[in-house]
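# Structure at a glance
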Amino acid sequence: VEEFEKADITLKTIRLKHNNMPKEDISFPYFKYKEIVEETWYESTFRSYLEKKFFFVIYKFNKKGELRLAKVMFWNMPARDIDSYAKLVWERTVEQINNNKAGDLPKKRENYACHVRPHGRNAKDTDETPNGVMLVKKSFWLNSKYIRDQILDKSID
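Conventions we followed
Residues numbered from 1 in each chain as written. Predicted model: local features only at pLDDT ≥ 70, side-chain atom pairs only at ≥ 80, totals over all residues. Heavy atoms only, no water. Core = buried A, V, L, I, M, F, W, Y, C linked by side-chain atoms within 4.5 Å. Buried < 20%, exposed > 50% of the residue type's maximum accessible area, 1.4 Å probe, protein only. Helix = DSSP H or I, 4+ residues; strand = E, 2+ residues; numbered from the N terminus. Contact = heavy atoms within 4.5 Å. Salt bridge = Lys/Arg side-chain N within 4 Å of Asp/Glu carboxyl O. Pairing = 2+ DSSP bridges. Axes fitted to C-alpha atoms, helices over the stretch in contact; angles between N-to-C directions.

Let us now look at the nonpolar core. Among the nonpolar cores identified, the biggest contains 33 residues, and Phe-46, Phe-56, Phe-140 and Leu-142 are the most heavily contacted of them. Here this core gets 6 residues from one element, more than from any other, and that element is helix H4 (residues 79-98). Non-local contacts of Phe-46, meaning those with residues more than four positions away in its chain, are made with Phe-28, Trp-41, Ala-86, Trp-90, Cys-114 and Phe-140.

Spelled out as structure tokens, the structure:
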């Protein structure tokens, strides 16, 4: 939507299962290994994504398995979550890449709000690490449980 682009609002579609748990985590564009290690947290691409306003279009599966529009809402990630949960994942990601451990980045179970995982089209969709190794592209993701907790304080029935 042109107005959303002008206002720098990110549109995300969320599908809820009948128990209100999002069917999937929310992804961001993949990062380049060589670029992320040159960033600082406060000027990082990931932080800039999280500081944007989001417009969630939320669909919910009913008990018959039919997908229905449940609600739409604007959402901003709370600053305290950006500078705690997200910062920890970003810092650990940069540290691991710098230590030649780009294959071992923060997992979903390690952080309440976000994690890193592959985001390539397939195993051949790779990017070069600072030490010259080609690894599958990866990106940051918001955890489905975190998103559920963020949208559940607004009623969805």
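If you walk through the whole model with that rule in mind, you get 16 salt bridges. The residue Asp-104 makes a salt bridge to Lys-107 at a minimum N-O spacing of 2.8 Å. Given a relative accessible area of 33%, Asp-104 falls into the partly exposed group. Under the relative-accessibility criterion, Lys-107 is labelled partly exposed at 29%. Salt bridges sharing common partners tie together Asp-25, Lys-108 and Arg-117.

Turning our eyes to something else, we now look at the sheet that holds strand S4 (residues 67-75). Strand order in the open sheet made by the 3 strands is S1-S3-S4, with mixed pairing throughout. With partners counted over all chains shown, the strands left at the sheet margins are strand S1 (9-16) and S4, one partner each. Between one strand and the next, the sheet's axes are offset by a mean angle of 20°, whatever the strand orientation. Bridge analysis of strand S3 (residues 53-61) against S4 gives 8 bridges, and the strand direction is antiparallel. Looking at the pairing, Val-57 lines up with Val-72 of S4.

Moving on to helix H5 (residues 144-152). Taken as a whole, H5 has its buried residues at Ser-144, Tyr-146, Ile-147, Arg-148, Gln-150 and Ile-151. Along its buried surface, H5 packs onto S1, strand S2 (26-27), S3, S4, H4 and strand S8 (138-142).

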